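# Structure assessment
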Amino acid sequence: MKMIWKFVKGIVVALYLVVAVFVIVCLLNRNDHGVIELGNNNLVVVSDDEMKPNYNKGDLIVLKNIDADKVEINDMVFFYRMEFVEGSVNLANVVDKYKVNEKETTFTVKDDYKFSGEYLIGRSIDSNSYGTIGSIIKLLISRWGFLFLIILPILVTFIYQIY
């Protein structure tokens, strides 16, 4: 019985450590817009219903980084809309593309909104979507999630070790 308890305890601790490391990596790789940048991929959590019918609230979208040159007219792209301080992640069809110079491209999407290629996140066609996993990740990397998942267990372990 003790061996089974030890085994189960080991599995729980290992799962906790995997989740804790994942949360810390996500928090350390989050950019100013709240998008998690891991290597050549961007993790976008859909936080509202503005991307319907393509994506639902709570979806996790994994986007590959692409060069602005690969984007064509009528491609559905994710981009940062910089009307606000932090900017928001939007999804729209490209209606026009203008190459300013070798390194800069400007895109026009619906409602005649123009954005620089540096605000391009990725194309919808190059993405993978995972339903409701985004809600879990959003909760885990929130302030409350970090408090209850990382800080509180460390505090409890510290106090347990003292007494």
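The following paragraphs examine the structure supplied in this document. Each chain has its residues counted from 1, following the order in which its sequence is written. Whole-chain, interface and lining totals are the exception, using all residues; otherwise, since this is a predicted model, local features are given only for residues with pLDDT of at least 70 and side-chain atom pairs are given and counted only at 80 or more. Only hydrogens and water are removed before side-chain values are computed, so all heavy atoms of the structure are retained for them.

### Structural notes on the pattern of salt bridges
Side chains that carry opposite charge are capable of pairing whenever their charged atoms lie near each other. So the rule is basically this: Any Lys or Arg side-chain nitrogen located within 4 Å of an Asp or Glu carboxyl oxygen qualifies as a salt bridge. Helix and strand labels come from DSSP, where a helix needs a run of H or I of at least four residues and a strand needs a run of E of at least two; each type is numbered from the N terminus. Three exposure classes are used, based on accessible area relative to the maximum for each residue type with a 1.4 Å probe and protein chains only: buried under 20%, partly exposed in between, and exposed over 50%.
Tallied over the full model, the rule gives four salt bridges. Between D69 and K99 there is a salt bridge, and its shortest N-O distance comes to 2.9 Å. Here D69 is found in the loop between strand 3 (60–64) and strand 4 (76–81), whereas its partner K99 is found in strand 5 (residues 88–99), with 30 residues between them in sequence. A relative accessible area of 42% places K99 in the partly exposed class. For K114, the salt bridge goes to D112, with nearest N and O atoms at 3.8 Å.

### Focus on the environment of V19
Basically, it comes down to this: Contact between two residues is taken to exist if any of their heavy atoms lie within 4.5 Å; hydrogens are not considered.
With respect to the helices and strands, the residue V19 is situated in helix 1 (residues 2–28). The exposure class of V19 is partly exposed, given its relative accessible area of 31%. Other than its neighbours up to four places away in sequence, V19 contacts L140 and L149.

### Quick notes on the sheet that holds strand 5
Using the following cut-off: Two strands are counted as paired when DSSP detects at least two bridges linking them. The axes are straight lines fitted to the C-alpha atoms, using for helices just the contacting stretch, and the angles between their N-to-C directions are given from 0 to 180°.
Taken in spatial order, the five strands of this open sheet run 7-6-5-4-8, and their pairing is antiparallel. Of all strands in the sheet, those with a lone pairing partner are strand 7 (113–116) and strand 8 (120–123), marking the two edges. Across this sheet, the average inter-strand angle for adjacent strands is 45 degrees, counted without regard to direction. Summarising the sheet, strand 4 and strand 5 pair through six bridges and their orientation is antiparallel. Paired with M76 across the strands is N93, a residue of strand 5.

### Focus: the pairing of strand 6 (residues 105–109)
Most of strand 6 sits out of view: four of its five residues are buried. Both strand 5 and strand 6 contribute to a ladder of five bridges, which runs antiparallel. Paired with Y98 across the bridge in strand 6 is T106. In this antiparallel pair of consecutive strands, strand 5 and strand 6, the connection spans five residues.

### Section: unusual backbone geometry
Residue K52 is joined to P53 through a cis peptide bond whose omega torsion reads 5 degrees. Turning to its location among the elements, P53 is positioned in the loop between strand 2 (41–45) and strand 3. Not every positive phi belongs to a glycine, and N74 is a case in point at roughly 80 degrees. With respect to the helices and strands, N74 occurs in the loop between strand 3 and strand 4. Judged by relative accessible area, which is 58%, N74 ranks as exposed.

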